[in-house]
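A closer look at the structure
Single-letter residue listing:
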Amino acid sequence: MLRNRKKTSFSSTRTSPQSKISSRSDDSTYDGAKGPHRLFRLIDYAHEYSWQLILLTFILILTACIAIKSHGNGLQKCHQRRQDGIYRDACGCLPHDGFGARIAYLVSLHNARTLDAGLVLLKSISAPSSIIFIHIDTKLSRDEYQMSELKSFIEGECNACGARIVVESKFDLEWGQWSMNDPTHWSMQELTTNPKFSKEWDVYINLSADTLPVFTPQILSNIFDSRVNGKQGRGMLQGLNFVTSASCVTGLAPTNINMFPSNWHKRGHYESHGSFDITYTDDDGRERTEDIVIHFGSQWMILTPEFVKYIALSIQRHDSLASLLKQELIARERLMSDETFIPTLLAHHPRFRETIPKVGEDGTMIQRPGFESVIIKSVRYERMDENSPDAFGNVVPEQRYDVPDTAIDVDVPRNWGPYYLGVYDLSSIRESGALFVRKVSKTIDPNLFHILPVQHSNDIPSIKWPNEVAVSQKMDWAAFLEFIKRRREHNSE
């Protein structure tokens, strides 16, 4: 187990200038059904002067590389590393053309494992148009962050791929308690009230550091683009609020706790006394009384700017629905309010509940025109609550990844999860239509990091769990060879 460390408080902010967006036409498209396309101009190699164009292009590229080297950046900056058709630069950054939705992230770190994982995540989501808030639990020592590769990536030559980064350690988080909400509300306040950020983002996504995006930053920007275009795959999920993960029984919609039997443990965790009334003042100054039924979803969400602003501003008013619901959840000492507070607000607000994704009988999202061929069952794929049958008797037959006894840098999941993912889960990830997966670890299965993120779900190999997997024990050859050596020495005496 990872020990608790001395509580500290530290912060750093590194702001990078926004990259200038060129006036050229956008050459990146994504239509959901057919995937991304690059609309490059075709060269007629039969043309008698085409070899001259090729030679000229080569000379220009070589000249650019030499110029970069002369400014001290090194010739290696011109080289790129290929990952299944996607090119990362020397820093590990993925390409982004500056078009599409500007994504604001909150990334939460709480121990040394997530500090290391955060570096991998940041390299996979960062883009010049991104704003990324990073909250580090105060139990994690300041020295660990100061000496980390994550800090070097943010503040060093790589400059976090041009993203604007804010790093803070403000809250001591306690599992199951209200404090788990605090980093989310802090980032929301900054994004809506700080003039540096308030008009610079189009969608809010909070992530645990042990998350991996399924798609590249460019594709994610396209998916949430306000310029809705089905043929180009733009704006498919724009304007919707997602507050659930794959483990929610109601899929993309938050779950009413009354769906479960009265003796089911989740009823007791989230609310054991049924519904309750809250009299509050609404956004127009009118007094209302709402019969509140707790809905639960996930701590990890994808939210519109309008809903984020509503939460951030209304929770500051003592008589608002958000503020009174917060007080009620704390007074009732309900567990895991980070999984119920925002889903319950969303389910009860007369305007914002219309932004909950509509789900068909088969559990897939009912798509807007132009995206009918895209199947989405979950925006976040994770495996949870597979240690016993659920409230309706359903079980998950597939095996799951376990933590080896020798893995000292990985904490063991709780019995109910979330469990670690690996390449055997890729088929389920692909079929879910998820945008993010959790949780992942290079210690458990590094192969997953060689595949994700991709530009289209068809790029994900359909690798499933076999009927049953058994592997041999890992041989300690050093000890065995030492034993043979000693035995030979003994026999020769």
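For the structure itself, look to the data block above.
The structure reproduced in this document is the subject of the present report.

What counts, and where the lines are drawn
- Residues numbered from 1 in each chain as written.
- Predicted model: local features only at pLDDT ≥ 70, side-chain atom pairs only at ≥ 80, totals over all residues.
- Heavy atoms only, no water.
- Helix = DSSP H or I, 4+ residues; strand = E, 2+ residues; numbered from the N terminus.
- Buried < 20%, exposed > 50% of the residue type's maximum accessible area, 1.4 Å probe, protein only.
- Contact = heavy atoms within 4.5 Å.
- Areas by Shrake-Rupley, 256 points an atom, 1.4 Å probe, with all protein chains shown as cover.
- Disulfide = S-S within 2.5 Å.
- Salt bridge = Lys/Arg side-chain N within 4 Å of Asp/Glu carboxyl O.
- Phe/Tyr/Trp six-rings, centres within 6.5 Å; stacked < 30°, edge-to-face > 60°.
- Lys NZ or Arg CZ within 6 Å of the ring centre and 35° of its normal.
- Axes fitted to C-alpha atoms, helices over the stretch in contact; angles between N-to-C directions.
- Parallel < 35°, antiparallel > 145°, perpendicular 65-115°, else oblique.
- Nonpolar A, V, L, I, M, F, W, Y, C, P; charged D, E, K, R; others polar.
- Pairing = 2+ DSSP bridges.
- Patch = residues over 30% accessible without salt bridge, like charges linked within 9 Å, V, L, I, M, F, W, Y side chains within 5 Å.
- Core = buried A, V, L, I, M, F, W, Y, C linked by side-chain atoms within 4.5 Å.

1. What about the overall build of the chain?
Across its full length, the chain holds 12 helices and 17 strands. Here the chain holds 493 residues, and the buried ones make up 50% of them. For the chain, long-range pairs separated by at least 24 residues make up 74% of all intrachain contacts whose partners lie at least 6 apart in sequence. About 25,300 Å² of surface is accessible on the chain, with carbon and sulfur atoms providing 51% of the total.

2. Considering the state of the cysteines
As enumerated under the stated definition, the model contains two disulfides in all. Between the sulfur atoms of Cys 91 and its disulfide partner Cys 158 the distance amounts to 2.1 Å. Looking along the S-S bond of the Cys 91-Cys 158 disulfide, the torsion reads about -90°, which is the left-handed sense. Of this pair, Cys 91 sits in the loop between β5 (86-88) and β6 (103-109) while Cys 158 sits in the loop between α4 (149-155) and β8 (164-169); the two residues are 67 residues apart in sequence, bridging distant segments of the chain. Overall, Cys 91 belongs to the buried group, its relative accessible area being 7%. At a sulfur-sulfur separation of 2.0 Å, the disulfide partner of Cys 93 is Cys 161. In this structure the cystine formed by Cys 93 and Cys 161 twists about its S-S bond by roughly -90°; its chirality is therefore left-handed. Taken together, the positions of Cys 93 in the loop between β5 and β6 and Cys 161 in the loop between α4 and β8 put the pair 68 residues apart, joining distant regions of the chain. Comparing Cys 93 with Cys 161, the two get one shared label, buried.

3. Considerations on the pattern of salt bridges
Under the defined criterion, the tally for this structure stands at 20 salt bridges. The partner of Asp 202 in a salt bridge is Arg 102, with the nearest N and O atoms 3.0 Å apart. Highlighted residues: Asp 202 in the loop between α5 (182-193) and β9 (203-208) and Arg 102 in the loop between β5 and β6, separated in sequence by 100 residues. Given a relative accessible area of 30%, Asp 202 falls into the partly exposed group. In this structure Arg 102 comes out as partly exposed when scored by relative accessible area, which is 25%. As a salt-bridge pair, Arg 286 and Asp 284 come within 3.2 Å of each other at their nearest N and O atoms. Judged by relative accessible area, Arg 286 falls into the partly exposed class, the value being 45%. Overlapping salt bridges bring together Arg 102, Arg 164, Glu 200 and Asp 202 as one network.

4. Description of the packing of aromatic side chains
Across all of its chains, the model carries 13 aromatic pairs by this definition. Taken together through their ring pairs, the aromatic side chains of Phe 133, Trp 186 and Phe 197 make up a single cluster. The cationic tip of Arg 351 hangs over the ring face of Phe 352; the distance from NZ or CZ to the ring centre is 4.3 Å. Its guanidinium or amino end placed over the ring of Tyr 420, Lys 439 lies 5.0 Å from that ring's centre, counting from NZ or CZ.

5. Notes on unusual backbone geometry
The peptide bond linking Gly 417 to Pro 418 adopts the cis configuration, its omega dihedral lying at 0°. By secondary structure assignment, the location of Pro 418 is in the loop between β16 (380-381) and α11 (426-432). The step from Arg 438 to Lys 439 runs through a cis peptide bond, and the omega angle for that step is 0°. For Lys 439, the position within the fold is in the loop between β17 (436-438) and α12 (477-492). For Asn 159, which is not glycine, the phi torsion reads 55° and is therefore positive. Relative to the assigned elements, Asn 159 resides in the loop between α4 and β8. For Ala 160, which is not glycine, the phi dihedral falls at a positive 50°. With respect to the element layout, Ala 160 can be found in the loop between α4 and β8.

6. Topic: the side chain of Ser 187
Mapped onto the elements of the fold, Ser 187 is located in helix α5. Ser 187 gets classed as buried once you look at its relative accessible area, which sits at 0%. Beyond its immediate stretch of four places on either side in the chain, Ser 187 contacts Leu 106, Phe 133 and Tyr 204.

7. Considerations on helix α8 (residues 305-314)
Regarding α8, the residues found buried are Phe 307, Val 308, Tyr 310, Ile 311, Ala 312 and Ser 314. Each element contacted by the buried residues of α8 is listed here: α5, β9, β15 (302-303), α9 (321-331) and α10 (341-348).

8. Side note on the packing of α5 against α8
Interaxial distance between α5 and α8 falls to 9 Å at its minimum, and their mutual angle equals 105°. Classified by the angle their axes make, α5 and α8 are roughly perpendicular. In contact with His 185, Met 188, Gln 189, Thr 192 and Thr 193 of α5, α8 contributes Val 308, Lys 309, Ile 311, Ala 312 and Leu 313. Considered class by class, the residues forming the contact of α5 with α8 number five nonpolar, four polar and one charged.

9. What to know about the sheet that holds strand β10 (residues 211-213)
Strand order in this open sheet of three strands is β10-β17-β16, and the pairing throughout is mixed. Whereas interior strands pair on both sides, the edge strands pair on one side only; in this sheet they are β10 and β16. In terms of strand pairing, β10 meets β17 through three bridges, oriented antiparallel. Paired with Leu 212 across the strands is Val 437, a residue of β17.

10. Some thoughts on a nonpolar patch on the surface
A grouping of Met 475, Trp 477, Phe 480, Leu 481 and Phe 483 is seen on the molecular surface, where their side chains present a nonpolar patch of about 530 Å² in accessible area. Mapped onto the elements of the fold, Phe 483 is located in helix α12. We classify Phe 483 as partly exposed; its relative accessible area is 41%.

11. Focus: the nonpolar core
Grouped together as the largest cluster of nonpolar side chains are 70 residues, with contacts concentrated most on Leu 122, Ile 134, Leu 237 and Leu 435. In terms of residue count, the dominant contributor to this core is helix α2 (residues 112-125) (five residues). For Leu 122, the residues in contact, after removing those within four places along its chain, are Val 107, Ile 132, Ile 134, Leu 150, Phe 153, Ile 154 and Ile 165. Formed by 47 residues, the second largest nonpolar core is a distinct cluster that contains Phe 171, Tyr 204, Leu 321 and Phe 341.

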